[in-house]
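# Close look at the chain arrangement
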Amino acid sequence: MISLKGTGILGDIVIGRLIFYERQFCKVYKESVSDVAKEYQRYQAAQELAIKQVYLLHQKALQEVSEENAAIFEAHDLLLRDMDYNGYVLDIIKNEKVNAEYAVKKASDTFYEMFSAIENDYLKQRAADILDISQRLLSILTYGKVENFEPSEPAILAADELVPSEAMQIPREKVLAFVTKYGSETSHSAIIVKDRNIPFLVGLGEGLLRQYEGHLAALDTYSGTLYLDPDEFTINRLTEKKTREEEKRQGLSYLIGKPNTTIDGKQIELFASITEPLDIEQVLRSDAGGLGLMRSEFLYLKRDNLPSEEEQINAYREVIRQMKDKPTVIRTLDFAARKMIDMSERQPENNPALGFRSIRICLARPQMFRTQLRAIYRASQYGNVSILFPMVDSVEQLKQILNYVNETKETLSAEGIEFNPNVKLGLIIETPASVMLCREFAQYVDFFSIDTNDLIQYTLAVDRQNPQVNRYYNTRHTAVLRMIKTVVQTAHEAGIKVNITGDMAVDEGLLGWFIQNGVDAITVSAASILPIRQKIRYLDLSEMEENEII
Amino acid sequence: MVSEKIRINYPEGLSIRPSQLLIKALASYNCDVMIRFGGREINARSIMNLLAAEIRKGSEIQIKCSGEKEEECLQAAVALLNSISC
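Residues numbered from 1 in each chain as written. Chains lettered and ligands numbered in written order. Predicted model: local features only at pLDDT ≥ 70, side-chain atom pairs only at ≥ 80, totals over all residues. Heavy atoms only, no water.

## Some words on the overall build of chain A
To keep things clear, this is the line we draw: Working definition: helices are DSSP H or I runs of at least four residues, strands are E runs of at least two. Numbering for both runs from the N terminus. Relative accessibility thresholds used throughout: buried, under 20% of the residue-type maximum; exposed, over 50%; partly exposed, between the two (1.4 Å probe, protein chains only). Here a residue-residue contact requires only that any non-hydrogen atoms of the pair lie within 4.5 Å. For the area figures, the Shrake-Rupley method with a 1.4 Å probe applies, and any residue is considered shielded solely by the protein chains shown.
A tally of regular secondary structure across chain A gives 21 helices and 16 strands. Residue burial in chain A is summarised as follows: out of 550 residues, 53% are buried. Residue pairs at least 24 apart in sequence account for 67% of intrachain contacts in chain A once pairs closer than 6 positions are excluded. Carbon and sulfur atoms make up 47% of the accessible area of chain A, which amounts to about 24900 Å² in all.

And the structure:
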């Protein structure tokens, strides 16, 4: 398979046989004539017939393309009647005493050169119009008529260049697409081809060789690529792309039930996040693959006591039941101390992001932590639950957490209370410390979830809320990307999965990079699920360069 | 001989479409019509000449008519070129 790059006109994907456009070949000889008047007559008869043909072509064009674009054949009429062009032809016949064919060829070359030399791109294209009418005159002089080319079967038609009449005269049902070595998207041919709704690739260059006559070809005018002798992978990929491009025109609802696969078949899970149980409705509508993050802080906010075990079970159960067997990941309490009512009296912290927060609070208040763990385990029998622990910065800390987990399970068993003993446990990777320790962590937990907001903040030492430094907050910082790569590799070596949450998860420019680097899932708001799924489904990693993906 | 100067303000300059319209408008007159542009005299009835002259947006041209109904022809040409908006 080889591929050629050009400029695509009219987005489409076409697979078919490549046939070269056969022009009536007029070999022009220079012949001396004695009867100049007879050559004049021959020329004038050819000119008259050409004018008639162009008139008919204009009529056909008026039916198939816009009036404005059909006007190009009116211009051809003017060119055929042009006193300069005709004067030039007649002068040559008279002065050189030569045949009309030779004179037309010479006029054509002269005027073609003149237009080709013009710097203005638009006018340069008009050289093709000169070629078009001259070809017509030569065909008439040589054969008495113009033989229009038509392939026997519908095909992808190839040519060095296409003149407007060729673009117009070919029956629509016989052409799948046009591909040319030269030409530009501003040519009259291109305008006509586009108006006739025929996919067109121009400017493919010298690689469009005659030897591919009859070969299978596939073209993608979205990317401007022609594949000659395409392999099976390319054909499947392009067929898939065609389907998806057609879907694209129908809004987002068609994406419900569709997998998050790229055109070249790479997959990633898309999960939603929620802040309180009420949000679950939107998640169900969004067709997320699961709940990648259920925050539990709502239970502790806006109140003057701690939530009871029963209260928590009710809240979790409501969500878990609705998610059915889709994964639901519940994060244990994760906020700064000042947000808790019974701690608000404490001395304010200079730097809450680095302060008493999250798992540190839980481990300092075992009773509160136990209650939450018990509630999650008790609710676990209603669906597919995992628990996510934030801010863990050492193996000792992790072991401490696991002790609470085991203690909870043992107590529940002893009490004869039902729960799912196989609830999966995960860690949030959000500090450089957790990145450095992920190999050790991976031996104890079932998955990682990278919170990119915190990882960026703690790695780049940037407080995003601070307007003086927020420009340093960068979702594509190499240091952070490299950390993610390390975590994914390490996790996969240990046989566990990695999910991404936060600002990087919604940076669409990173989707390709995530998939390429093996990230298993990303978690975004419910409203972002379908737009991101759509984005994923138009990605084609096989078409991307490494550096393009970041 | 009568003449008048006008400025060409179409985005593509005096391209194929305006040229076509001009030639059509001149068809009903028999006088000579020349356009003076960039030190050259261009036959306004020849599409080749008009296109090859590359009269771009912003150019000033002088239209000159001489012969039968020259004044009427000049006014028709000026009116047409001023009416084109493409």
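## Some points on the overall build of chain B
When helices and strands are counted, chain B shows three helices and four strands. Put simply, chain B runs from its N terminus to its C terminus through helices and strands in the order β-α-β-β-α-β-α. Buried positions account for 50% of the 86 residues belonging to chain B. Long-range contacts, defined here as pairs at least 24 residues apart, represent 68% of the contacts in chain B between residues at least 6 apart. Roughly 4000 Å² of accessible area belongs to chain B as shown, and the carbon and sulfur atoms make up 45% of that amount.

## Brief notes about the pattern of salt bridges
Any two side chains of opposite charge can pair if their charged atoms end up close together. Worth spelling out the cut-off: One speaks of a salt bridge when a side-chain nitrogen belonging to Lys or Arg is within 4 Å of a carboxyl oxygen belonging to Asp or Glu.
Under the defined criterion, the tally for this structure stands at 38 salt bridges over all chains. Its salt-bridge partner being K266 of chain A, residue D264 of chain A comes within 3.8 Å of it at the nearest N-O pair. The buried category is assigned to D264 of chain A, whose relative accessible area is 12%. For the salt bridge of E60 of chain B with R7 of chain B, the shortest nitrogen-to-oxygen distance reads 3.9 Å. Of this pair, E60 of chain B sits in strand β4 (residues 60-66) while R7 of chain B sits in strand β1 (residues 2-7); the two residues are 53 residues apart in sequence, bridging distant segments of the chain. Assessed through its relative accessible area of 42%, E60 of chain B is described here as partly exposed. Among the residues examined, R7 of chain B registers a relative accessible area of 47% and is labelled partly exposed. One network of salt bridges, with partners in common, ties together E309, E310, R374, R378 and E415 of chain A.

## Looking at unusual backbone geometry
We note that K324 of chain A has phi near 55°; this positive angle belongs to a residue other than glycine. Along the chain, the position of K324 of chain A falls in the loop between α11 (309-323) and β11 (327-331). Take K324 of chain A: its relative accessible area is 60%, and that puts it in the exposed class. For K69 of chain B, which is not glycine, the phi dihedral falls at a positive 50°. With respect to the element layout, K69 of chain B can be found in the loop between β4 and α3 (70-83).

## A closer look at the interface of chain B and chain A
Put simply, the rule is: By convention, the term buried area covers the 1.4 Å-probe accessible surface removed from two parts as they join, with the contributions of both added. The definition of a polar contact used here is a pair of N or O atoms within 3.5 Å, where within protein one atom must be able to donate a hydrogen and the other to accept one, and adjacent residues in sequence count solely through side-chain atom pairs. The nonpolar class holds Ala, Val, Leu, Ile, Met, Phe, Trp, Tyr, Cys and Pro. Asp, Glu, Lys and Arg form the charged class, and all remaining residues, Gly among them, are polar.
If you look at the interface, chain B gives 17 residues, while chain A gives 22 residues. Taken over both partners, the interface formed by chain B and chain A buries close to 1700 Å², and the fraction arising from carbon and sulfur atoms is 69%. On the chain B side of the contact with chain A, I16, Q20 and M48 of chain B bury the most area, a combined 35% of that side's loss. The interface formed by chain B and chain A includes two salt bridges. Between R17 of chain B and E74 of chain A there is a salt bridge whose closest N-O contact spans 4.0 Å. Linking chain B to chain A there are six residue pairs in polar contact (both at pLDDT 80 or more). Within the residue set of the side of chain B that touches chain A, elements represented by two or more residues are α1 (16-26) and α2 (47-52) of chain B. Considering only residue class, the side of chain B that touches chain A consists of six nonpolar, five polar and six charged.

## Remarks on the sheet that holds strand β9 (residues 269-274) of chain A
By definition, the strands of a sheet pair up through backbone hydrogen bonds, in either a parallel or an antiparallel sense. All names here are of chain A. Where we set the bar: The rule for pairing is simple: two strands pair if DSSP sees at least two bridges between them. Here, axes are lines fitted to C-alpha atoms. For helices the fit covers the stretch in contact, and angles between N-to-C directions go from 0 to 180 degrees.
Read around the closed barrel, the eight strands follow the order β9-β10-β11-β12-β13-β14-β15-β16; overall the barrel is parallel. Across the sheet, the mean angle separating the axes of adjacent strands is 30° when strand polarity is ignored. Alignment of strand β15 (residues 497-501) against strand β16 (residues 521-525), held across two bridges, turns out to be parallel. Opposite N499, over in β16, you have A521 as the bridge partner. Packed onto the sheet, helix α13 (residues 366-379) meets β11, β12 (384-389) and β13 (424-429) and runs at close to 160° relative to β12. The sheet contacts of helix α17 (residues 452-460) involve β14 (447-451) and β15, and relative to β14 the element is tilted by about 65°.

## So, the confidence of the model for chain B
Formally: Values of pLDDT, which run from 0 to 100, indicate the predictor's confidence residue by residue.
Confidence in the prediction for chain B averages 89 pLDDT; 98% of positions are at 70 or higher. As a predicted assembly, this complex carries a pTM of 0.63 together with an ipTM value of 0.74.

## Some details on the nonpolar core
The condition that has to hold: Residues belong to one nonpolar core when they are buried, are Ala, Val, Leu, Ile, Met, Phe, Trp, Tyr or Cys, and are joined through side-chain atoms within 4.5 Å.
Counting residues in each nonpolar core, the largest one holds 89 residues, and the members touching the most others are Y85 of chain A together with I35, I63 and L81 of chain B. With 87 residues, the next largest nonpolar core counts V283, M323, Y404 and V462 of chain A among its residues.

## Topic: the sheet that holds β4 of chain B
Residue and element names in this part refer to chain B. If you walk across this open sheet you meet the four strands as β1-β4-β2-β3, and the pairing is antiparallel. Since the sheet does not close on itself, it has two edges, and those belong to β1 and β3 (40-43), each with one partner. Going across the sheet, the axis of each strand differs from the next one's by a mean of 25°, ignoring polarity. Here α3 sits on the sheet in contact with β1, β2 (32-37) and β4, set at roughly 5° to β1.

## Describing the pairing of β2 of chain B
All names here are of chain B. Side chains V33, I35 and F37 project from β2 onto a buried face, and the interleaved D32, M34 and R36 project onto a face without burial. Here five bridges tie β2 to β4, and the two strands are oriented antiparallel to one another. Counted as the bridge partner of M34 is K64 from β4. As paired elements, β2 and β3 share four bridges and run antiparallel to each other. The residue bridging M34 from the neighbouring strand is N43, located in β3.

## Focus: the packing of aromatic side chains
Residue and element names in this part refer to chain A. So the rule is basically this: Here is the rule: rings of Phe, Tyr and Trp (six-membered ring for Trp) pair when centre to centre is within 6.5 Å. Planes less than 30 degrees apart are stacked, more than 60 are edge-to-face, and the remainder are tilted.
Scanning the entire structure with this criterion turns up eight aromatic pairs over all chains. Judged by centre distance (5.8 Å) and plane angle (80°), the rings of Y377 and F419 are edge-to-face. Of this pair, Y377 sits in helix α13 while F419 sits in the loop between α14 (395-415) and β13; the two residues are 42 residues apart in sequence, bridging distant segments of the chain. A relative accessible area of 16% means that F419 is categorised as buried.

## Notes on the packing of α13 of chain A against α14 of chain A
Any two packed helices are characterised by the angle at which their axes cross and by the distance between the axes. Residue and element names in this part refer to chain A. The cut-off we apply is this: Geometric relationships in this document are graded by angle, where less than 35 degrees denotes roughly parallel, more than 145 denotes roughly antiparallel, 65 to 115 denotes roughly perpendicular, and other angles denote oblique. By the definition used in this description, the sense in which the near helix is turned from the far one sets the handedness, with an anticlockwise turn below a right angle giving left-handed and a clockwise turn giving right-handed.
α14 packs onto α13 with a crossing angle of 60° between their chain directions and a minimal axis gap of 10 Å. Classified by the interaxial angle, the pair formed by α13 and α14 is oblique. The interaxial crossing formed by α13 with α14 has right-handed handedness. From α13, P366, F369, R370, L373, R374, Y377 and R378 reach across to α14, where they touch I401, Y404, V405, E407, T408, K409, T411, L412 and E415. Considered class by class, the residues forming the contact of α13 with α14 number eight nonpolar, two polar and six charged.

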